[in-house]
Amino acid sequence: MKNTRTQNLMAAALVAALAFATTASRAADPLPPTGDAVEPAPRLVLQITVDQLRGDLPGRFVKNMGEGGFRYLMDHGVWYADAHHAHANTETIVGHTTLATGADPAEHGMIGNVWLDRKTGTLTYNIEDAKYHILTPGADVNKATEIDPTQKVASTDGRSPAAILGSTFSDELAIYTAGRAKIFGVSIKDRGAVSMAGHAGKAFWFSKASGEFVTSSYYYDHYPAWVNEWNQQKLPSAYSDKSWELMHDKSSYLFGDADDQPWETDFAGYGRVFPHPYGPATGKYFTTRLTLSPVGDDLTLSFAKMLIDAEQLGQHEVTDYLSVSFSSTDYVGHLFGPSSLEAEDNLLRLDRTLADLFAYVEKRVGLKNVLIVLSADHGAPEAPGYLNSLGIPAKYVTPEQWDKQPAISALKRKFGISKELIQAYRHPYVYLNREVIREKGLDQSVVEKAVVEELMKFDDVALAVSSTALREGNLPNTQIIQSALRNFNPERSGDIFVVFQQHYFINEFDGLTVAVTHGSPWRYDTFVPVVFAGGKLAAQRVYRPIETVDIAPTLAAIVGAKPPSGSRSGPLPEVLQGLTR
Ligand SMILES: [Zn+2]
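In this text, all values refer to a predicted model and were calculated from it rather than measured experimentally. (Residues numbered from 1 in each chain as written. Predicted model: local features only at pLDDT ≥ 70, side-chain atom pairs only at ≥ 80, totals over all residues. Heavy atoms only, no water.)

1. Topic: the pairing of strand β4 (residues 122-125)
Item 1. For strand β3 (residues 114-117) and β4, the ladder comprises four bridges, and the chain directions are antiparallel. The residue of β4 that forms the bridge with Asp117 is Thr122.
Item 2. The loop that links β3 with its antiparallel partner β4 comprises four residues; one of these, Gly121, has a positive phi angle of about 70 degrees. (Pairing = 2+ DSSP bridges. Helix = DSSP H or I, 4+ residues; strand = E, 2+ residues; numbered from the N terminus.)

2. Notes on the sheet that holds strand β14 (residues 429-432)
Item 1. In spatial order, the strands read β13-β14-β16-β15; together these four strands make up an open sheet with antiparallel pairing. Pairing within the sheet leaves two strands with one partner each, and these edge strands are β13 (422-426) and β15 (461-466). Going across the sheet, the axis of each strand differs from the next one's by a mean of 20 degrees, ignoring polarity.
Item 2. Direction of pairing for β13 relative to β14: antiparallel, over a ladder of four bridges. Within β14, the position partnered with Tyr425 by the bridge is Val430.
Item 3. In this fold helix α16 (residues 444-455) packs onto β14, β15 and β16 (496-500), with an angle of close to 180 degrees to the strand it touches most, β15. (Axes fitted to C-alpha atoms, helices over the stretch in contact; angles between N-to-C directions. Contact = heavy atoms within 4.5 Å.)

3. Digging into unusual backbone geometry
Item 1. The step from Glu39 to Pro40 runs through a cis peptide bond, and the omega angle for that step is -10 degrees.
Item 2. If you trace the backbone, Pro40 turns up in the loop between α1 (2-23) and β1 (44-50).
Item 3. In this structure, Gln52 takes a positive phi of about 70 degrees despite not being glycine.
Item 4. Residue position: Gln52 is located in the loop between β1 and α2 (57-60).
Item 5. Although it is not a glycine, Lys234 adopts a positive phi angle of roughly 50 degrees.
Item 6. The topology assignment puts Lys234 in the loop between α8 (225-232) and β8 (243-244).
Item 7. Note on Lys234: relative accessible area 49%, which makes it partly exposed. (Buried < 20%, exposed > 50% of the residue type's maximum accessible area, 1.4 Å probe, protein only.)

4. Focus: the packing of aromatic side chains
Item 1. Inspection of the entire model under this criterion finds 24 aromatic pairs.
Item 2. Between the aromatic rings of Phe184 and Phe204, the centroid separation amounts to 6.5 Å while the plane-to-plane angle is 15 degrees, which identifies the pairing as stacked. Taken as a pair, Phe184 in strand β5 (residues 183-187) and Phe204 in strand β6 (residues 202-207) lie far apart in primary sequence, 20 residues in all. One exposure class covers both Phe184 and Phe204, and it is buried.
Item 3. Seen from their ring centres, Trp402 and Phe458 are 4.6 Å apart, and the 15 degrees between their planes marks the pair as stacked. Of the two residues, Trp402 is situated in the loop between β12 (395-396) and α14 (405-415) and Phe458 in the loop between α16 and β15; the sequence distance between them amounts to 56 residues. Across the pair, exposure class does not vary: Trp402 and Phe458 are buried alike.
Item 4. What links up through ring pairs into an aromatic cluster is the set Phe184, Phe204, Phe206, Phe213, Tyr220, Trp226, Trp230 and Phe303.
Item 5. Lys202 extends its terminal NZ or CZ atom over the ring of Tyr220, reaching a point 4.7 Å from the ring centre. (Phe/Tyr/Trp six-rings, centres within 6.5 Å; stacked < 30°, edge-to-face > 60°. Lys NZ or Arg CZ within 6 Å of the ring centre and 35° of its normal.)

5. Here we look at the coordination of the zinc ion
Item 1. The zinc ion binds to the protein through Asp330 (OD), Asp330 (OD), His334 (NE2) and His518 (NE2), with metal-donor distances spanning 2.1 to 2.6 Å.
Item 2. Around the zinc ion sit four donor atoms, and with donor-metal-donor angles ranging over 53 to 152 degrees the site reads as irregular.
Item 3. Going along the chain, you hit the donors of the zinc ion in the pattern D-x3-H-x183-H. Pair noted here: Asp330 and His334 are both in helix α11 (residues 328-336), with a separation of four residues, about one helical turn.
Item 4. His334 sits in the buried class, given a relative accessible area of 5%. (Donors = N, O, S within 2.8 Å, 3.2 Å for Na, K, Ca; no water. Tetrahedral: all angles 85-135°; square planar, octahedral: opposite > 155°, others 65-115°.)

6. Thoughts on the environment of Asp297
Item 1. Within the secondary structure layout, Asp297 lies in helix α10 (residues 295-310).
Item 2. Given the relative accessible area of 1%, Asp297 is considered buried.
Item 3. Leaving out residues up to four positions away in the same chain, Asp297 has contacts with Phe326, Ser327, Ser328, Thr329, Asn346, Leu350 and Thr353.

7. Thoughts on the side chain of Glu264
Item 1. Along the chain, Glu264 turns up in the loop between β8 and β9 (276-277).
Item 2. Buried charge without a salt bridge: Glu264, with Arg272 as the nearest opposite-charge side chain at an N-O distance of 5.0 Å.
Item 3. Those residues in contact with Glu264, other than ones at most four positions away along the chain, are Ala258, Asp259, Arg272, Leu335, Phe336, Ser340 and Glu342. (Lys, Arg positive; Asp, Glu negative; His and termini not counted. Salt bridge = Lys/Arg side-chain N within 4 Å of Asp/Glu carboxyl O.)

8. Remarks on α16
Item 1. If you check α16, its first and last C-alpha atoms are 16 Å apart, about what 12 residues at 1.5 Å a residue would give, namely 16 Å.
Item 2. Those residues of α16 that sit buried are Gln444, Val447, Glu448, Ala450, Val451, Val452, Glu454 and Leu455.
Item 3. Taken together, the buried residues of α16 touch α14, β14, α15 (434-439), β15, α17 (467-472) and β16. (Expected span 1.5 Å × (residues − 1).)

9. Topic: the pattern of salt bridges
Item 1. Taken as a whole, this structure holds 25 salt bridges when the rule is applied.
Item 2. Of the charged contacts, one joins Asp56 and Arg54 as a salt bridge, the two residues approaching to 2.7 Å between their closest N and O atoms.
Item 3. The class for Arg54 is buried, based on a relative accessible area of 6%.
Item 4. When the shortest N-O distance is used, the salt bridge between Arg352 and Asp351 registers 2.9 Å.
Item 5. For Arg352, a relative accessible area of 33% corresponds to the partly exposed category.
Item 6. Put simply, Asp104, Arg486, Glu547 and Arg568 are held in one network by salt bridges that share partners.

10. Here we look at the environment of Tyr360
Item 1. Along the chain, the position of Tyr360 falls in helix α12 (residues 341-364).
Item 2. Separated by 52 residues in sequence, Tyr360 and Ile308 have C-alpha atoms that sit 9.3 Å apart.
Item 3. Beyond its immediate chain neighbours, meaning those up to four positions away, Tyr360 contacts Lys305, Ile308 and Asp309.

11. Thoughts on the nonpolar core
Item 1. Core analysis: the biggest nonpolar cluster contains 154 residues, and Leu46, Ile48, Leu73, Tyr80, Leu322 and Phe532 have the highest contact counts within it.
Item 2. Formed by 21 residues, the second largest nonpolar core is a distinct cluster that contains Ile417, Val436, Ile437 and Val461. (Core = buried A, V, L, I, M, F, W, Y, C linked by side-chain atoms within 4.5 Å.)

12. Quick notes on the packing of α14 against α16
When two helices pack together, their arrangement is captured by the angle between the axes and the distance separating the axes.
Item 1. Running from N to C, α14 and α16 point in directions that differ by 155 degrees, and their axes come no closer than 10 Å. When the interaxial angle is binned, α14 and α16 end up roughly antiparallel. Seen along the crossing, α14 lies across α16 with a hand that is right-handed. When α14 is examined against α16, the residues Ala407, Ala410, Leu411, Lys414 and Phe415 are found in contact with a partner set consisting of Val446, Val447, Ala450, Val451 and Glu454.
Item 2. Among the residues forming the contact of α14 with α16, the class breakdown is eight nonpolar, no polar and two charged. (Parallel < 35°, antiparallel > 145°, perpendicular 65-115°, else oblique. Left-handed = near helix turned anticlockwise from the far one by under 90°. Nonpolar A, V, L, I, M, F, W, Y, C, P; charged D, E, K, R; others polar.)

If you want it as structure tokens, here you go:
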């Protein structure tokens, strides 16, 4: 039985390979002109998101990069050197959904990786949806080994884009092409895949529990044959008992003599210095360690390539869309910080991964027929220890160690209550206990104001703003206030928004202490690269400030579709002009 199945699969693969050899081994011709699209419209929009890639990092390490990866983008693309996320809570789902929709979190609703559901009184994981379970049994988040604290919030294995409000670019592409466009999102992280695929596309992500790429019943009733085929290769197990080693001679790295820095995380024997062992494939944290290394990106690349072939992306009468979100930079950044030998080697390896992907797409579709856009869901702070070593003030914040009792007592006395006034604090949001406020007949805005005043007494807090103040708009027109407004969704955002001092952040990851955590509205967390390449585009470096909400409407204009429903901005003229010249 099993043999027959394997034989069938092999036969299917052979047929697919032969078909590929005759029909698609050379790059496709340009698409014929259609309506409002730029001519010729791209056969494939390839949207790459590098999780936690701060805007300055590619340039900082380019000296040791090879050809065809970041250098291809720099030498052939329109590179925006002053691009920022405009929202306050610079977390993964927030940034990805902003890239996908061109909307602010106030409109697209993904205001944080986790928020409090007011109706149920429970914390909610952004893309959790109990209705649509993961197709692979046992591929749910393993709470005993999961180190991503937001993932642990999910109480079921169900995932879907249902909580994303409004349309993504990929949705608009589906609408425009009468559903003919092939639309896919791939990532190690579920939220990195689901957000970009939108409501109309298909998403695949990596299950650390099963060591396979998975999807949910929102997308499929059963896996396409090629997904089973990829999983049956068992690529992760090839890394059993191997280690992450440096790609080049240590002396050639900017951080070559700084491998062991005291603020780096030694996660369960993974170590602070090279080589970092993955351990045996049977190890408890084996797949987790793969994601904490460039291997996570290698697996993502391999899966994406198989997808491009199996689904024949870029070989249709309409534009197709593939989103690839690479997660390793984020995990490595959290553990070691962006100024570490690990982060440096990871970026050099990501550069090779990108070169491999671009070369593959060149062969299959032709880069002249592809529009590449690369950005990041957020930037990153520096580890306080690193900044302190340079004389710059910075520190980790531990709110659970604050002396909160005087503030809590003062508030309880003031409002004559005995119950807890604060229902949840999930940074940056404080959720008030609305039941107590109602019971006591208190004015919520008065309570918010009093809590804000108490919060502002803590030295670590730079700013606390009440949602009433945001709604009424009588606040100074600063960058931080603007970003808080763009992050404010009345249903999901908390009652009080808190910002720590610059270079101050919480580094407690649900029991694990990490080197850095992003999520602030400060510029190091909002700063990301934005680059468009492919088609007729020529190298251009643009220093004009832009925002990440500009990307989705630009993609829509290129294919001739209408902008996503909540998008705030318009197309980037440098890209449109470059494509139509
Ligand atoms: Zn992160």
